[in-house]
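Now for the letters of each chain:
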Amino acid sequence: EPEVTQTPSHQVTQMGQEVILRCVPISNHLYFYWYRQILGQKVEFLVSFYNNEISEKSEIFDDQFSVERPDGSNFTLKIRSTKLEDSAMYFCASSVRRSSSYNSPLHFGNGTRLTVT
Amino acid sequence: AQKVTQAQTEISVVEKEDVTLDCVYETRDTTYYLFWYKQPPSGELVFLIRRNSFDEQNEISGRYSWNFQKSTSSFNFTITASQVVDSAVYFCALSGHDYKLSFGAGTTVTVRA
């Protein structure tokens, strides 16, 4: 079964450094998402992306964050200057359609654990 | 605004006991979708079920069952005859027509042998 792939599984970076989290969505999917989970807390929506532009973003997704689909397969989340509070698990997800329907499930990747020191 | 409340922070049971996880939601949408995810210690999110607001039929899948009560805005999840492998954090989530999911805070289930 096709799956969403995220790399790396764990990334450690120093405060103030730029970090890029990579995701390869399922190949025929058109909608892409990033979610974040601070350790021990709930999963939070960050941003949705379609047709090479952001569809919606949360208040968490400030100017330090950006997303890009640089080629036909990758979907990246960049944090420009990391802060300690950016330490979290970041989940990428993708779907065929925008809406939650039975023939268009949302597929999550296994996550990238980002540790900012 | 959408909101999901999982009032139980932690539940501990002995193997073979049943465990019910509560989920209460708030939404102004007339069409919405409810989800349950399992997050084992390894950290990934495992999809368990999706239910749309027009389908109040309860569902059973093996040892898992779900009780959707629109009148009380609840979507509870029961694990029957729990096993050690069921130990995980379980999240209830809600979305409208898109996949902007609002998650609850999660319930940590510990099943002791």
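All figures in this text were calculated on a predicted structure; none of them were measured in a lab.

What about the pattern of salt bridges?
Residue and element names in this part refer to chain B.
At step 1: Tallied over the entire structure, the rule returns five salt bridges over all chains.
At step 2: Residue Glu59 is joined to Arg51 by a salt bridge in which the shortest nitrogen-to-oxygen separation is 2.6 Å.
At step 3: For Arg51, a relative accessible area of 5% translates into the label buried.
At step 4: Where Asp86 meets Arg63, a salt bridge forms, and the shortest distance between an N and an O atom there is 2.8 Å. Taken as a pair, Asp86 in the loop between β9 (74–79) and β10 (88–95) and Arg63 in the loop between β7 (59–61) and β8 (64–69) lie far apart in primary sequence, 23 residues in all.
At step 5: Connected via shared salt-bridge partners are Arg51, Asp55 and Glu59.

Overview of the packing of aromatic side chains
Here the distance between the centres and the angle between the planes together describe a pair of aromatic rings.
All names here are of chain B.
At step 1: Enumeration over the complete set of coordinates arrives at 25 aromatic pairs over all chains.
At step 2: When the ring of Tyr37 is compared with that of Phe47, the centres are 5.9 Å apart and the planes differ by 70 degrees; the resulting orientation is edge-to-face. On the criterion of sequence distance, the pair formed by Tyr37 in strand β5 (residues 33–39) and Phe47 in strand β6 (residues 46–52) is long-range, its members being 10 residues apart.
At step 3: Here Phe47 falls in the partly exposed class, since its relative accessible area comes to 37%.
At step 4: Measuring from ring centre to ring centre gives 5.8 Å for Phe68 and Phe75, while their planes differ by 80 degrees; the resulting arrangement is edge-to-face. With respect to burial, Phe68 and Phe75 carry one shared label: buried.

Analysis parameters
- Residues numbered from 1 in each chain as written.
- Chains lettered and ligands numbered in written order.
- Predicted model: local features only at pLDDT ≥ 70, side-chain atom pairs only at ≥ 80, totals over all residues.
- Heavy atoms only, no water.
- Salt bridge = Lys/Arg side-chain N within 4 Å of Asp/Glu carboxyl O.
- Buried < 20%, exposed > 50% of the residue type's maximum accessible area, 1.4 Å probe, protein only.
- Helix = DSSP H or I, 4+ residues; strand = E, 2+ residues; numbered from the N terminus.
- Phe/Tyr/Trp six-rings, centres within 6.5 Å; stacked < 30°, edge-to-face > 60°.

Worth remembering: the numbers are spatial, not functional.
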